[in-house]
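Results of the structural survey
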Amino acid sequence: MKATNQHILRFGVLSDIHATVFESGKEAKSFVTVPAECGKRNPLTDLHNLLSNTVKLDYLLCPGDISNQANPEAMSWMWNELQVLKTKSNAKELWAVCGNHDVDSRYAINLADDPDPKGVLLDLNSPFPPVTPNEVNHFWARNYVIIERTEPFLHRALLLNTCAYHGGAENELQHGRISSRTIKRIQADLADLDPAYLNVLLCHHHLEPLPSWNNAPDYQFVKKGGELLRALEDSCVGPWLVVHGHRHWPECFYAAGGNSSAVVFCSSSFGARDAQIANQFHVLNVEVDGNTSRPKGRIETYTWTLGMGWSAGPTAEIPKMNKALSHLSGFGFNGNLTELAAKVDAFIGTQSRVNWDDITRSESDLNYLLPREFDQLKTLLKRLDIGIFEENGTPIEAGRKSK
Ligand SMILES: [Fe+2]
Ligand SMILES: [Fe+2]
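Residues numbered from 1 in each chain as written. Chains lettered and ligands numbered in written order. Predicted model: local features only at pLDDT ≥ 70, side-chain atom pairs only at ≥ 80, totals over all residues.

1. Topic: helix α2 (residues 72-88)
Taking 1.5 Å as the rise per residue, α2 with 17 residues should run 24 Å; its terminal C-alpha atoms sit 25 Å apart, in good agreement. Those residues of α2 that sit buried are Ala74, Met75, Met78, Trp79, Glu81, Leu82, Leu85 and Lys86. The buried residues of α2 occupy an angular sector of 165° when projected down its axis, which confines them to one face. Those residues of α2 that are buried are in contact with β2 (20-21), β3 (33-34), α1 (43-53), β4 (59-62), β5 (93-96) and α3 (119-122). (Helix = DSSP H or I, 4+ residues; strand = E, 2+ residues; numbered from the N terminus. Expected span 1.5 Å × (residues − 1). Buried ≥ 20, exposed ≤ 12 C-beta atoms within 10 Å, placed from the backbone. Arc of directions from axis to C-beta. Contact = placed C-beta atoms within 7 Å.)

2. Describing the packing of helix α5 (residues 180-191) against helix α6 (residues 225-234)
Close contact between α5 and α6 brings their axes to 10 Å; oriented N to C, the two are set at 10°. Classified by the angle between their axes, α5 and α6 sit roughly parallel to one another. Every residue of α6 that contacts α5 at Ile183, Ile186 and Gln187 is listed here: Glu227, Leu228 and Ala231. Taken together, the residues of the contact of α5 with α6 sort by class into four nonpolar, one polar and one charged. (Axes fitted to C-alpha atoms, helices over the stretch in contact; angles between N-to-C directions. Parallel < 35°, antiparallel > 145°, perpendicular 65-115°, else oblique. Nonpolar A, V, L, I, M, F, W, Y, C, P; charged D, E, K, R; others polar.)

3. A short note on unusual backbone geometry
A cis amide bond links Phe128 with the next residue in sequence, Pro129, at an omega value of -10°. When you line up the elements, Pro129 lands in the loop between α3 and α4 (133-142). The peptide bond linking Glu151 to Pro152 adopts the cis configuration, its omega dihedral lying at 0°. Along the chain, Pro152 turns up in the loop between β6 (144-149) and β7 (155-160). Phi at His18 takes a positive value of approximately 55°, unusual for a residue other than glycine. Here His18 is to be found in the loop between β1 (8-13) and β2. One non-glycine residue, His248, adopts positive backbone phi at about 55°. Inspection of the secondary structure puts His248 in the loop between β9 (240-244) and β10 (251-254). The class of His248 is buried, set by 24 C-beta atoms lying within 10 Å.

Listed below in structure tokens is the structure:
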């Protein structure tokens with residue numbers, strides 16, 4: 001079947017859960033503990049309601065750090081929980097890869113004389129990653145696997161293990177890695193495949209350096225990740241969406257390259273307990289029409305706050321220093337931002353307040369701005385004496401400021 005203009009694939013992204021075993025008298029590293037706390041004290045318990053009542057998915061994506069420090073009990077429990085969430089959200093499949101916390105690279109769980117970094121993942125009661133036995137073996141042997149789905153149209157996923165060398169050389173656990181050989185194998189595999197309407201790369205570590213914690217230079221990104229991004233773009237097998245975790249720093253941007261470089265989505269942490277970060281769950285609504293060289297779509301983000309549960313967008317309780325995505329953002333706009341600001345200016349005219357939904361109905365490009373592009377638009381509108389009035393990061397109205 002061909003994609004229609006209106007076909008949307010919905011990907012839920014639940015990353016960096018860091019599930020951990022509850023220990024009395026000790027503050028857990030994650031809000032997701034075994035046993036789970038109830039009553040809006042645990043994002044996972046509250047997510048069941050959100051997925052049952054509000055959010056429906058095609059795929060549930062988990063880019064790793066499912067457990068904390070490869071704890072076998074937490075890993076096994078959370079792995080089962082992910083299957084439950086998949087069912088509750090109506091998702092056809094769960095796609096998952098391992099993070100640095102899912103492999104016992106420090107031999108903390110296994111005895112030093114019996115090291116087995118990925119052993120916990122191989123012992124789970126259902127395959128990790130959740131694909132066919134041959135595909136599982138390919139993932140562990142070759143550090144990646146490519147899977148294809150043909151309904152309702154051809155789309156595929158590349159599941160990549162960026163922790164493949166963890167447990168080897170001591171400093172490997174400080175960053176992700178893909179080797180030149182693995183990139184060449186992926187290139188060769190892609191060369192034999194038909195163009196798809198959408199290609200998704202799911203991995204744990206970020207492929208290129210990002211702004212770092214405490215202004216230190218970023219060293220945790222995937223070594224040779226930039227080369228992989230170039231290879232994906234040059235493969236000419238259709239648009240690419242990269243989804244990763246690890247940084248607990250939500251952002252969406254385009255990889256360096258031409259106009260078919262990948263859309264890169266960096267997920268928030270779902271569970272990590274850290275005053276500096278927001279706990280968020282995302283839904284990527286990818287509008288697939290076969291006409292764009294880069295994915296286009298909308299990002300819905302839900303934010304969890306201790307004692308309050310899930311809400312649409314960051315709440316006032318989250319300190320300003322936290323990096324958090326607002327409830328709605330997007331990707332795929334390829335026009336001129338100054339021209340878009342001029343169109344908003346013309347729509348508002350001399351009115352002091354106009355409903356934001358009316359503006360976006362007139363200028364649908366507003367739906368596909370990256371989070372940073374939306375901030376840039378606000379700067380451009382400010383120069384035109386136009387302000388956007390937001391509630392918890394969601395635009396409600398825009399209007400001309402009185403002079
Ligand atoms: Fe993490
Ligand atoms: Fe990580």
